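Secondary and tertiary structure notes
Chain by chain, the residues:
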Amino acid sequence: MAQEPQSFQTPQSFQTQFSNLQLITTQKTSEKKMAMSEMFTQLGSVAAGIMFLWAMFRQYFPYELLPHVQKYSHKLVSFVNPYINITFQEYSADRWRRSEAYVAIEDYLSSNSSSRARRLKADIIKDSQSVALSMDDHEEVTDEFQGVKLWWESSKSSPKTQSFSFYPASDEKRYYRLSFHKRNRDLIVGTYLNHVIKEGKAIAVRKRQRKLFTNNPSQNWYGYKRSVWSHVPFDHPATFETLAMESKKKEEIVTDLTIFRTRKQYYSKIGKAWKRGYLLHGPPGTGKSSMIAAMANLLNYDIYDVELTSVKDNTELRKLLIETTSKSIIVIEDIDCSLDLTGQRKKKKEEEKEESKGDPLLMKGKENESKESKVTLSGLLNFIDGLWSACGEERLIVFTTNHVEKLDPALIRRGRMDKHIELSYCCFEAFKVLAKNYLDIDSHNLFPSIERLLGETNMTPADVAENLMPKSITDDPETACLEDLIQAIETAKEEARVKAEKEAKEKEEEEERLKKEKEAKEKEEAEEKEKTEEKVKENGVVPAVKENGVIS
């Protein structure tokens, strides 16, 4: 059986087929590109049409009906969407104070956002030695609770109406949005959210860095990055162990503070706000500021240093109080110098008014001075002991003064300033604390001389500490510093003696002057009496009886 001959393709035929294949492929690619181009053109036309219709809808649709449209559109979406959203705004409705829930959620999410989120914000905390990471805006992370998956989103909304402003971000509203399936509603609302708030507060306590606050002028309370208080990290090293005062008094103060910190239920039971007032008084340089720092370090509290002269009125004072946090010490130093809060307010104002009469420049100066601060004694009393004082808990209110006798009794009575602590001149026991702090010694052969001199002379702990600080390199710095201290005390003793003699001499001269004035007055009255009697004898007229300083 004969085989059919095999057919072979020549190179020319193969090239022809390949060219035809290329042509077909090119045609199909061109057709696809044209189809894609037409599709995008149609999509663009549809999008433009939708945008046009939406713009026309917003412009001509009755504004009063928009809420109803939104309401029913949300209802329609809820039938299809099985997920529930909960929004936590950063500020409350009045935008005055940050929401505690928002802050707790922020701390809670910071613990797991570093491993799950892609965009993060960084901040330095805890003695500037560690970095805290938190979610950036428009970022989302997942969380899981008892086998249920949830989504947290950090976002912000800008004002719908754009306008030129020096403070473009003043109306931005940040918020967290929690999303979860509606079948887990009871678990999330009842258990999970309580867990988040509790855990967030615990994290805040662990990473908390204590701060020292001071109040800003009221013109900085509004607009871009508004802030009522400014702060710096509080790193003061003072402790009760380093305070120069009697050990018995220190133990009494430490016990009082420790008991206060654990008395939340007790204050609630007796119906009082959980706060306590301390009045620190004594000469300058006796350690009042160091005492406040030691209190803060013992209790691990923040400090709010209130500058009353920059507070315009009682309303601003209340706003400052609202912005303070729990576990804090509110301090007003040198309160006798901050404002006119003494018991002689009315009398003093009347005297100043009389003095300024007839002097326009002086009267204008007094008017400008009165505009600076209108905080009254009543406003300050409400600040520390009124209804507004209950806006927060676990707080100390501390006043310091060099002249306690100048303060209004209503300001420092018990119940407002619950404990009065007098910080006086340096005694020998306080000196030994300073010697241990500065020279690291517990005894020395010069101690008896110093004990005797301190018993005879008034010297503040600040002056004693200055003389105990080594100022040169010597083989025996302890002895050199103690000798300098002895010399300083002897100098102060001599100065006090000279001052006392001078005051005694001035007093004696003043008494002598008053005595001479009295004698001269008596002599003048006697001469006047003799002249009157002579006139009576010459005229024969007896004057009427003198009543109330008038001769009728």
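Not measured: the values here are computed from a predicted model. (Residues numbered from 1 in each chain as written. Predicted model: local features only at pLDDT ≥ 70, side-chain atom pairs only at ≥ 80, totals over all residues. Heavy atoms only, no water.)

**A closer look at the overall build of the chain**
The secondary structure content of the chain amounts to 17 helices and 15 strands. Burial status across the chain gives 30% buried among its 552 residues. Element-wise, carbon and sulfur atoms account for 53% of the exposed surface of the chain, whose accessible area totals about 37200 Å². (Helix = DSSP H or I, 4+ residues; strand = E, 2+ residues; numbered from the N terminus. Buried < 20%, exposed > 50% of the residue type's maximum accessible area, 1.4 Å probe, protein only. Areas by Shrake-Rupley, 256 points an atom, 1.4 Å probe, with all protein chains shown as cover.)

**Thoughts on a nonpolar patch on the surface**
Taken together, the side chains of Met36, Met39, Phe40 and Leu43 present a nonpolar region at the surface, about 400 Å² in accessible area. Position of Leu43 among the secondary structure elements: in helix α1 (residues 11-60). (Patch = residues over 30% accessible without salt bridge, like charges linked within 9 Å, V, L, I, M, F, W, Y side chains within 5 Å. Salt bridge = Lys/Arg side-chain N within 4 Å of Asp/Glu carboxyl O.)

**Side note on the environment of Asn467**
If you trace the backbone, Asn467 turns up in helix α16 (residues 461-468). A residue is classified by how much of its surface remains accessible, and Asn467, at 18% relative accessible area, is buried. Placed 19 residues apart in sequence, Asn467 and Ile486 show a C-alpha to C-alpha distance of 9.1 Å.

**A word on the confidence of the model for the chain**
The predicted model of the chain averages 80 in pLDDT, with 76% of residues at 70 or higher. Under a pLDDT of 50 for its full length, residues 1-8 has, in the predicted model, zero contacts with residues more than four places off or in other chains. Confidence drops under pLDDT 50 across residues 163-170; counting only partners more than four residues distant or on other chains, this segment forms six contacts. (pLDDT = per-residue confidence, 0-100. Contact = heavy atoms within 4.5 Å.)

**Here's the deal with the packing of aromatic side chains**
What the rule picks out here adds up to 13 aromatic pairs. Both rings, one in Tyr83 and one in Trp151, keep their centres 5.7 Å apart while their planes meet at 85 degrees; by these two values the pair is edge-to-face. Highlighted residues: Tyr83 in strand β1 (residues 83-89) and Trp151 in strand β5 (residues 148-157), separated in sequence by 68 residues. Measuring from ring centre to ring centre gives 6.1 Å for Phe428 and Phe447, while their planes differ by 85 degrees; the resulting arrangement is edge-to-face. Residue Phe428 is found in helix α14 (residues 428-439), and its partner Phe447 is found in helix α15 (residues 447-456); the two are separated by 19 residues along the sequence. Overall, the relative accessible area of 17% leaves Phe428 in the buried class. For Phe447, a relative accessible area of 6% corresponds to the buried category. Taken together, Phe88, Phe145, Trp152 and Tyr192 form an aromatic cluster joined through their ring pairs. Above the ring of Tyr266, the side-chain terminus of Arg263 is found at 4.6 Å from the ring centroid. (Phe/Tyr/Trp six-rings, centres within 6.5 Å; stacked < 30°, edge-to-face > 60°. Lys NZ or Arg CZ within 6 Å of the ring centre and 35° of its normal.)

**Details of the sheet that holds strand β11 (residues 328-332)**
The strands making up a sheet associate through hydrogen bonds between their backbones, and the pairing can be parallel or antiparallel. Reading across the sheet, the seven strands line up as β8-β7-β10-β11-β12-β9-β13 and stay open at both edges, with mixed pairing between neighbours. Unpaired on one side and paired on the other, β8 (229-233) and β13 (419-422) mark the two borders of the sheet. Direction aside, neighbouring strands of the sheet carry axes that sit 20 degrees apart on average. In the sheet, strand β9 (residues 275-281) pairs with β13 via four bridges, with the strands oriented parallel. Paired with Tyr278 across the bridge in β13 is Lys419. On top of the sheet, helix α7 (residues 288-299) reaches β9, β10 (302-305), β11, β12 (395-401) and β13; it is set at about 170 degrees to β12, its chief contact. (Pairing = 2+ DSSP bridges. Axes fitted to C-alpha atoms, helices over the stretch in contact; angles between N-to-C directions.)

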